[in-house]
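Spelled out from the first residue to the last, the chains are:
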Number of protein chains: 2
Amino acid sequence: MNGAEALIQTLKDCGVDVCFANPGTSEMQLVAAIDGQHGMRAILGLFEGVVTGAADGYGRMADKPAATLLHLGPGMANGLANLHNARRAASPVINLVGDHATYHLHYDAPLTSDALGVAAPMSDWVRKSRSQRDLAQAGAEAFSVAQTYPGKVATVIVPADHAWDEGSAAVATVALPVSPKVPASVVAEAAAALREEDGPKALFLGGRALREDALHAAGRIAAATGARLICETFVTRLQRGEGRVAVERLPYFGEQAADYLRDFKTIVFAGSEPPVSFFAYPGKPSWLSPEGAQLVRLASAREDALDCLTALADALGAPADPPVQARAIPPAEAGTLTPFNLAAILAELMPDNAIVSDESATAGMAAFPMTAGARKHDWMMLTGGAIGQGLPLAAGAAVACPDRKVIALQADGGGMYTCQALWTMAREKLDVTTIILNNGSYAILNIELMRVGVQNPGPKALSMLDLKNPAINWCLLSEGMGVPAVRVETAEAFRDALAAALAHKGPRLIEAMV
Amino acid sequence: MNGAEALIQTLKDCGVDVCFANPGTSEMQLVAAIDGQHGMRAILGLFEGVVTGAADGYGRMADKPAATLLHLGPGMANGLANLHNARRAASPVINLVGDHATYHLHYDAPLTSDALGVAAPMSDWVRKSRSQRDLAQAGAEAFSVAQTYPGKVATVIVPADHAWDEGSAAVATVALPVSPKVPASVVAEAAAALREEDGPKALFLGGRALREDALHAAGRIAAATGARLICETFVTRLQRGEGRVAVERLPYFGEQAADYLRDFKTIVFAGSEPPVSFFAYPGKPSWLSPEGAQLVRLASAREDALDCLTALADALGAPADPPVQARAIPPAEAGTLTPFNLAAILAELMPDNAIVSDESATAGMAAFPMTAGARKHDWMMLTGGAIGQGLPLAAGAAVACPDRKVIALQADGGGMYTCQALWTMAREKLDVTTIILNNGSYAILNIELMRVGVQNPGPKALSMLDLKNPAINWCLLSEGMGVPAVRVETAEAFRDALAAALAHKGPRLIEAMV
C-alpha cells in the first residue's frame, strides 16, 4: 500500500473513524485512502475553521480524536483559531496537513509555506513524516499524543510524495498513555486544608472534574466540608442539570471574579489552575485569588480528576450521596423577546441529555444560570476566546452523539466567522438547533471599550464594534446554506419555533432578535 | 500621547490612511487612536481573512500599504491565508496585531498564544514593540519595510500596555527605500542573448513588469527581437486590454506549461523567477523551462522592472511605439449560460479602466483569454493559491480606487471561505460587481484527483470535492449580507444583469449558474 493508505489504515485501527476534511490537490491520495477505508466517515467543511472546530466538538463528546484533513500551510492557518480553542479545551484532535512533495519544496511554488511553523503555535505536538513508511508511524504517534489525558492537539505534516509512494504498511496500535494519578500525599494535604475551621472554603473545578462522576465526588466533599463548588468561567464540557451536582460559575470580568473569590480562606483546585483575568486592564489585577488564602493544587487538568476527587471524598469520610439539582424552571415573561425570557423558555424545553454549544457572549449571559435546573445536559463553552467556535463545535458534537439533540447558542458576531458550518449541518443532516442571538453588535466590545478606559468614543470607533448598517439577515444566510430558518421577535414566537425545532430531527436555525 | 496614538499618528504621517479592522478587547486603545486620527479611514471586516485580503487588494492598486488591525494570535491566524497570497503578490501591507499586556502574558490567560510565532510564516518582517515609546518607531519601520519595492508584509505585535501607556510621541517618517536598479552589465547580457539568431525567444514577465509602462518597454523589445511576451500564470496586477501591449499567459497545468515553453532557445526573465509546477505530480517534472535553453535573469521581482526593460529596449535600438492590442470582442452564443458566452459578454460590457479580481478557477478559465481585447483594465489573480482571496481583494481594490468599477470573478468554492466580504462591500457601498461562477463543485479537484493518479474514485472521495447536497444559494447569502443579488442561467439574463450592475454605482452580485 502507499503511505496514505498505511496512515489511514493505522488511524482506523486506532479507532479513528471520522475525518473532517477540506482537502486540496496535495491531499488527493489521502482522499483516495479515506475513500477506500471502510468505516471511516468523511465530512466536508467549506472552510477550515469549520473542520477544526468540529473536530474539537467531536473530541469533547467522544473522548477520542477525529482526524482533520487540511491543505498545506494556508489551510492549516485557516484552522488555527479553532485549534487554539481545542488546545485550551484539552480536546483530542489529530490534524493531517498535506504539503508539497519533498523534492518540490525547494522550487518555492506559489503555495509553498513553512507548514511546520504554521502548525506549531496551536499544536501540542507536530511531526513531519520522513518517508512513506514513516507516515503510518507518525499517525500512530499522533494518536497516542492526542489521547494524552484528557486530550491534545497532534499534527502530522504529510508530504505528497510520502502519501503516494508505495511500499508502506499500517503499524500496530500504540499503547495508550494512562491518566496520571494524584499522589496520596497531595490528597491528604487537600483533606487537611478542607478540615481546618478557618473560614469559607471552595473547591475550584475545571476540565474533566466537571463530568458527572467527578462532580458527584465533589458534591460529597462539599457535603462533608461546607466547601462551595465553583467552576472555571469557560468550561470544556460541564455535565449539569436535574439530578446532578450543581456548581457555581466564576464571573467573566476580572474585578467581579476577584470580588467573588475575595472571602475564601481556602481554595482547592482540581482540573484547573488558579483563575486569571481574561484580559489585562489598566490598573486592574491579573491574578484573581485572594491574597493570604490557602491555595491547594489537588490536580492539574492533566491529572485524573475522578480518581483524586473520589479519594478526597473518602479521606474526608464524606456521605455517599450528595445533594443534587432539582428541576427548576424560571418563569418566562411574555411579549418582546429578551435574553431572559429566551433563557427561561430554553430551560423549560431543553430535552433530556441535550448538548449545548454556548458562544452566546453578552446576549446569552442569562442562559447559563437560568438553565441550571433544566433536564440533565452537557454544556460546552468557548474555551480559548477565539470567536467562531460555536457552530463548528455543535456540528462536531452532533457527529459524535447522533442520538442526542445539540443546541447551538450563538452570538451573531462570532457566528459570522464560521457561518459555513451551517452547510455541513445541512449536508450531514445533523440534529442541531441553532439559536442566533442577533443584537447587531460586538456588544462585548462596547463594554470593553469603557473598561479599558476609552472615554466618549466617536462614530468611527463605534462603527468598528457594530454589525448593523447593513443588518445581517441570518435566515437568508441559513436558507442559502440549506438549513431551514425562522426569525422571532417575541417570547411566544420563540417558544413555538424552539418547540418545533426540538421536535424535528435535523438542523434548524432560529434567529432570535434580542 | 499614549503608545497607540503615537503609532497611528506615525502611520498617518507616512501616508497610511486606511485601516481594515477586526479588533477585540486588546486593541481598544488602537480603535480609540484611529477614532481620533483625522483622515484615517476604518473599515470593519467580519472575519480576518476579509481584512487581510482587502489590504492586499488595496496595496496592489494603491501601491502603498493599508494597515490591518487584528486580535491577538488567533485573529492573526485567521488572516494568514490571505497574507500568504499578499506576500506572493509582493503587496505592501502593515499588520497591527494586538497582544496581551506584557505583564499579563505569563499568566497564560485563555487567549494567550505565541503571536510572533503565528505571524512569522506569512510575514516578511515581524517585530514586537519594546515599550510605549518604541511602538511608533516599530510602526515607522514597518512602513519602510512594507514599501520595499514592490511591497512586503510587515507585522507589528502591539502589547496592550504599550498601547495604553502614556509618554510616547510620533516619530519622523522613515526615508523610503528606492527600487534597486539592474546593473548595466546584466542589461547588456540580456541584449546579447536576445540578439542571437538561434531560435525562438521569450521575454517572461511578472510582478511590476506587467504594468502598462513596463509592458510598453517589453513590447518595444518584442518588436525589435521577435521575442514572445509571456506572463506568469498568476499575476499580481496585469494592465491589459485595448491600446496596451499584450502578453500571453503561461498555462496552469505543469505539463501544458512545459510543452508551451519547450521550443524556446532563449528566455529572459523580468519581475519573475523561472516558472515551476504549481504542485508536484507523480512522475511529472517540477521545473518547466526547457533543458538546454539559455535562461537570462534580467530582473527579479524586487528589482526595478520599468528601468531595466526600458534600458534593454534602448540597448536593442527598439522602435518607440510597439504594436498594441486592438479592441476585439469574441461572439457570445445565445441560450444556456456557459463559461464561454459569459466571458464574451463580460469582454463586451467591461467599462474602461475596470479592475478585475479573478479567483474564478476552472469555471472562469475562458474569461482571461476572451477579455484580452476588452477596454483597458487591470487584472488581478490568486497569487499564492490560498483560495478565499477574490472577494476581499475586490473590496480592497474598490477602497483604493473609488472611481473605478471593480469586477470580482469568483468561483463558488473559494468564495465560501471569505463570503463575509460581501457585508463589507455593502457597508462601505463599494462599487464592486461580483460574479459568482456557481458550478456546485471544487471542480479543479476533480481534475487533480485524476492527475495525481487516483483511479475510479468512490462516492466518498467525490463527496469531498462536491458543493451540492445541499446546493448553495448565493443570492440568499448575498442578500443576507446586504448586497442585492440576481441568479442567471442564460446568456441573455446574464447580459441584462451585468449591464444593470455595471450601470449602478455600488455592490451587486450575479449568481451565474455555469
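Cut-offs applied
- Residues numbered from 1 in each chain as written.
- Chains lettered and ligands numbered in written order.
- Predicted model: local features only at pLDDT ≥ 70, side-chain atom pairs only at ≥ 80, totals over all residues.
- Buried ≥ 20, exposed ≤ 12 C-beta atoms within 10 Å, placed from the backbone.
- Helix = DSSP H or I, 4+ residues; strand = E, 2+ residues; numbered from the N terminus.
- Pairing = 2+ DSSP bridges.
- Least-squares fit on C-alpha atoms with pLDDT ≥ 70 in both.
- Contact = placed C-beta atoms within 7 Å.
- Domains from an automatic or database assignment.
- Nonpolar A, V, L, I, M, F, W, Y, C, P; charged D, E, K, R; others polar.
- Axes fitted to C-alpha atoms, helices over the stretch in contact; angles between N-to-C directions.
- Expected span 1.5 Å × (residues − 1).
- Arc of directions from axis to C-beta.
- Core = buried A, V, L, I, M, F, W, Y, C linked by C-beta atoms within 7 Å.
- Right-handed = clockwise from strand over helix to strand, strands pointing away.
- Parallel < 35°, antiparallel > 145°, perpendicular 65-115°, else oblique.
- Left-handed = near helix turned anticlockwise from the far one by under 90°.

Some words on the pairing of strand β14 (residues 377–381) of chain B
All names here are of chain B. When you tally the buried positions in β14, you get five out of five residues, the bulk of the element. Of the two faces of β14, both are covered, the one formed by His-377, Trp-379 and Met-381 as well as the one formed by Asp-378 and Met-380. In this structure, strand β9 (residues 238–240) lies alongside β14, joined through three bridges in antiparallel fashion. Of the residues in β14, the one forming a bridge with Arg-240 is His-377. Bridge count between strand β13 (residues 354–359) and β14: five bridges; the pairing is parallel. Its bridge partner lying in β14, Ser-357 is registered against Met-380.

Quick word on the relation of the copies chain A and chain B
With an axial shift of 0.0 Å and an RMSD of 0.0 Å, the rotation relating chain A to chain B amounts to 180°. This pairing of chains is accounted for by a two-fold axis. In this assembly, 99% of the residues forming the interface of chain A have copies in chain B that are likewise at the interface, indicating an isologous arrangement.

Structural notes on the domain arrangement of chain A
Interfaces are frequently sized by the accessible area removed from exposure as the parts join. All names here are of chain A. Domains assigned within chain A are domain 1 (3–164), domain 2 (184–315) and domain 3 (339–513). A straight line from the C-alpha centre of domain 1 to that of domain 3 covers 28 Å. Contacts between the two partners involve 24 residues from domain 1 and, on the opposite side, 26 residues from domain 3. Of all the elements in the fold, those that place two or more residues in the side of domain 1 that touches domain 3 are β2 (41–44), α3 (48–62) and α4 (72–88). Per-class residue counts for the side of domain 1 that touches domain 3 are 13 nonpolar, seven polar and four charged.

Some details on the sheet that holds strand β16 (residues 432–438) of chain A
Residues and elements named next belong to chain A. In space, the seven strands of this open sheet follow the order β9-β14-β13-β15-β16-β18-β17, with mixed pairing throughout. The open sheet has two edge strands with one neighbour each: β9 (238–240) and β17 (485–488). Taking the axes of each pair of neighbouring strands and ignoring which way they run, one obtains an average angle of 20° across the sheet. Packed onto the sheet, helix α14 (residues 390–400) meets β13 (354–359), β14 (377–381), β15 (406–411) and β16 and runs at close to 175° relative to β15.

Section: the interface of chain A and chain B
The partner chain B presents 82 residues to the 83 residues of chain A that form the contact. In terms of residue count, α4(A) provides more of the side of chain A that touches chain B than any other element does, eight residues in total. The residue makeup of the side of chain A that touches chain B, split by class, is 51 nonpolar, 24 polar and eight charged.

Here's the deal with helix α8 (residues 184–195) of chain A
Helix length check: α8(A), at 12 residues, gives a terminal C-alpha distance of 16 Å against a target of 16 Å (1.5 Å per residue), a fit within 8%. Looking at the buried residues of α8(A), the elements they touch are β7 (201–205), α9 (212–225), β11 (266–270), β12 (294–299) and α11 (305–315) of chain A.

Some remarks on helix α8 (residues 184–195) of chain B
All names here are of chain B. Among all positions of α8, only Val-187, Ala-190, Ala-191, Ala-193 and Leu-194 are buried. Looking down the long axis of α8, one finds its buried residues gathered within 165° of arc, a one-sided arrangement. Exposed positions of α8 whose direction lies more than 90 degrees from the buried face are Ser-185 and Ala-192. Buried residues in α8 make contact with β7 (201–205), α9 (212–225), β11 (266–270), β12 (294–299) and α11 (305–315).

What about the nonpolar core?
Core analysis: the biggest nonpolar cluster contains 408 residues, and Ala218(A), Ile221(A), Leu309(A), Ala218(B), Ile221(B) and Leu309(B) have the highest contact counts within it. With residues up to four places along the chain from it excluded, the contact list for Ala218(A) reads Leu203(A), Leu205(A), Ala209(A), Leu229(A), Val245(A) and Leu309(A).

Details of the pairing of strand β18 (residues 508–513) of chain A
All names here are of chain A. Where burial is concerned, most of β18 is hidden: five out of the six residues are buried. Here β16 runs beside β18; their pairing, made up of six bridges, is parallel. By the bridge assignment, Ile-435 is partnered in β18 with Ile-510. Pairing of β17 with β18, which is carried by four bridges, proceeds in the parallel orientation. Note that in β18 the partner of Val-488 across the bridge is Ala-512. In this region the chain leaves β17, passes through helix α20 (residues 491–503) and returns to the parallel neighbour β18; the handedness of that crossover is right-handed.

Remarks on the environment of Met40(B)
Residue and element names in this part refer to chain B. Within the element layout of this structure, Met-40 appears in the loop between α2 (28–35) and β2 (41–44). Residue class for Met-40 comes out partly exposed when judged on the 19 C-beta atoms lying within 10 Å of it. Distance from Met-40 to Ala-120, taken between C-alpha atoms, is 27 Å for residues 80 residues apart in sequence.

A short note on the environment of Asp99(A)
Residues and elements named next belong to chain A. Positionally, Asp-99 belongs in strand β4 (residues 93–99). A tally of 28 C-beta atoms within 10 Å means that Asp-99 is categorised as buried. Sequence separation between Asp-99 and Val-356 is 257 residues; the distance between their C-alpha atoms is 36 Å. Excluding residues that lie within four positions of it along the chain, Asp-99 makes contacts with Ser-26, Leu-72, Ala-115, Ile-157, Val-158, Pro-159 and Ala-160.

Structural notes on the packing of α8(A) against α11(A)
All names here are of chain A. Where α8 meets α11, the axes come as close as 9 Å, and the angle between the chain directions of the two elements is 50°. What the angle tells us is that α8 and α11 run oblique. The element α8 and its partner α11 pack so that their crossing is right-handed. Residues Val-187, Ala-188, Ala-190 and Ala-191 of α8 lie in contact with α11, whose contacting residues are Cys-308, Ala-311, Leu-312 and Ala-315.

Looking at the sheet that holds strand β3 (residues 66–70) of chain B
Residues and elements named next belong to chain B. One open sheet holds the six strands; their spatial order is β2-β1-β3-β4-β6-β5, and the pairing between them is parallel. Strands at the two margins of the open sheet, each flanked by one partner only, are β2 and β5 (125–128). Averaged over all pairs of adjacent strands, the angle between strand axes in this sheet comes to 20°, irrespective of strand direction. Inspection of the sheet shows strand β1 (residues 18–21) paired to β3 by three bridges, in the parallel sense. Among the inter-strand pairings, Phe-20 is bridged to a residue of β3, identified as Thr-68. Sitting on the sheet, α2 touches β1, β2, β3, β4 (93–99) and β6 (153–159), and the angle it makes with β4 is about 135°.

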